Amino acid sequence: MNSTRSLSLVITLLFGTNLFATTVETSITSEVLGEERNILISLPDDYAEESRSYPLLISLDGETQSKLVFGTVDWMSNQTGEVDNLITVSIPNVNRNRDFTSDIPEGQNAQDFSGAASFQKFILDELIPMVERKYRVSGFKVIYGHSAGGLFVLDTVVKYPQLFDAAIVLSPFLNFNRASFFSRLESGFELKKYNNMFIFLATGDEPMLKSSITQLIERFNLVTNDSGFYTEFHEFDEESHMSVVSVGLRKGLNRIAEYRGWVLPKDIKGSDFDGIVSHYNKLSMKFDSEIAIPPRVITSLVDEAVKKGNFQKAIDIMQNQVSKSPKSEVINKDLGILYIQSGDINEGLKHLNAALDIAKLKKSASVEELESCLLYTSDAADDLLCV
């Protein structure tokens, strides 16, 4: 067997092929808002191959932030492995001031402000149900907003404490009718119906917001760890009101991942497959939805096993993945390669053929590659072209 080829397998093994998140553009005729609303939806790159459900992220300001949000989620789930794959829904604005505010500034037109209650109802009664009907959404939901969007997110999670499990709030524009907002905040906290709600709050170096943010944090601290309400604040003093978006979004997703348990505890070694499986099984039970082992963790486990020449352990890990995702072209292909590299040609060809059947069914671009791989492997299994 060619040992160089054997070890080179880890470069492309498992999620090393060209998979990309799918973006869907759709619309909703909203009875609540009395208008058509465009919606952008980013599905995980493994959505078509998996049968499990995924956490949902609702993101505001879709016309300016959808590319950043979709790209950040894709990078953190598929490249760094910091978060689980998410279904991300981005809502472009029609009338931003109207939808994000609950008050009418003095001297302003009522039609351009104070529509937050209707926009909340749109998300609650129309948008989320539509997404849940069309896609496999788990019970874990996150909402993200910046500036006026951050103000809207705070209003929403306080008013509807059972709707979202976590929120990312960046530089919320609390100076917009500050007294009214804190009055609504007090009324919301009196409900005390939070269920492990986690709010990540962050700002840049923003002197104009400092007083309001300080007041908000002080109020949050009175209820933190009480009634299932948890908060965390970060000030990125090298960032501005606008530049805080990219660093704050990533940090917020990272902290939610740690809160949710996507990140392995330090007492579980990265090579302990049974411990890792147990950890994510317990998380799935805790949140009442399947939380898959992140692809990066699986890749690391297989990588280490192959480098040590322990193909059986690598095969066992991949068999576990196939049992969870039997219709995955990528996983069947990689398991087939592992079997062949270990010397079990027949079992390897079985899984390569399974991958080919799946590719043909999906009209995948990799059909020709898999056919060439199978043809060559049948005659020269010692030097795989499909690795």
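Up top is the structure.
These lines cover the structure that appears in this document, whether it is placed above or below. From a predicted model like this one, the values you see are computed outputs, not experimental measurements.

Focus on the pattern of salt bridges
Under the counting rule described, the total for this entry stands at 19 salt bridges. One salt bridge in this structure joins Glu35 and Arg98, with 2.7 Å as the shortest N-O distance. Residue Glu35 is located in strand E2 (residues 35-43), and its partner Arg98 is located in helix H3 (residues 96-100); the two are separated by 63 residues in the primary sequence. Just as Glu35 is buried, Arg98 falls in that class too. For the salt bridge of Asp125 with Lys121, the shortest nitrogen-to-oxygen distance reads 2.7 Å.

Here's the deal with the packing of helix H11 (residues 311-324) against helix H12 (residues 329-342)
Running from N to C, H11 and H12 point in directions that differ by 160°, and their axes come no closer than 10 Å. In this view, H11 runs roughly antiparallel relative to H12, as classed from their interaxial angle. When you trace H11 past H12, the crossing you get is left-handed. The segment H11 lies against H12, with Phe311, Ala314, Ile315, Met318, Gln319, Gln321 and Val322 engaging Ile331, Asn332, Asp334, Leu335, Leu338, Tyr339, Gln341 and Ser342. Grouping the constituent residues of the contact of H11 with H12 by class yields nine nonpolar, five polar and one charged.

Some thoughts on unusual backbone geometry
In this structure, Ser147 is a non-glycine residue whose phi angle is positive, near 60°. Tracing the chain through its elements places Ser147 in the loop between strand E5 (137-146) and helix H5 (148-159). Its identity as a non-glycine residue notwithstanding, Ser171 has a phi of 45°, on the positive side. On the secondary structure map, Ser171 appears in the loop between strand E6 (166-170) and helix H6 (178-191).

What counts and how
Residues numbered from 1 in each chain as written. Predicted model: local features only at pLDDT ≥ 70, side-chain atom pairs only at ≥ 80, totals over all residues. Heavy atoms only, no water. Salt bridge = Lys/Arg side-chain N within 4 Å of Asp/Glu carboxyl O. Helix = DSSP H or I, 4+ residues; strand = E, 2+ residues; numbered from the N terminus. Buried < 20%, exposed > 50% of the residue type's maximum accessible area, 1.4 Å probe, protein only. Axes fitted to C-alpha atoms, helices over the stretch in contact; angles between N-to-C directions. Parallel < 35°, antiparallel > 145°, perpendicular 65-115°, else oblique. Left-handed = near helix turned anticlockwise from the far one by under 90°. Contact = heavy atoms within 4.5 Å. Nonpolar A, V, L, I, M, F, W, Y, C, P; charged D, E, K, R; others polar.

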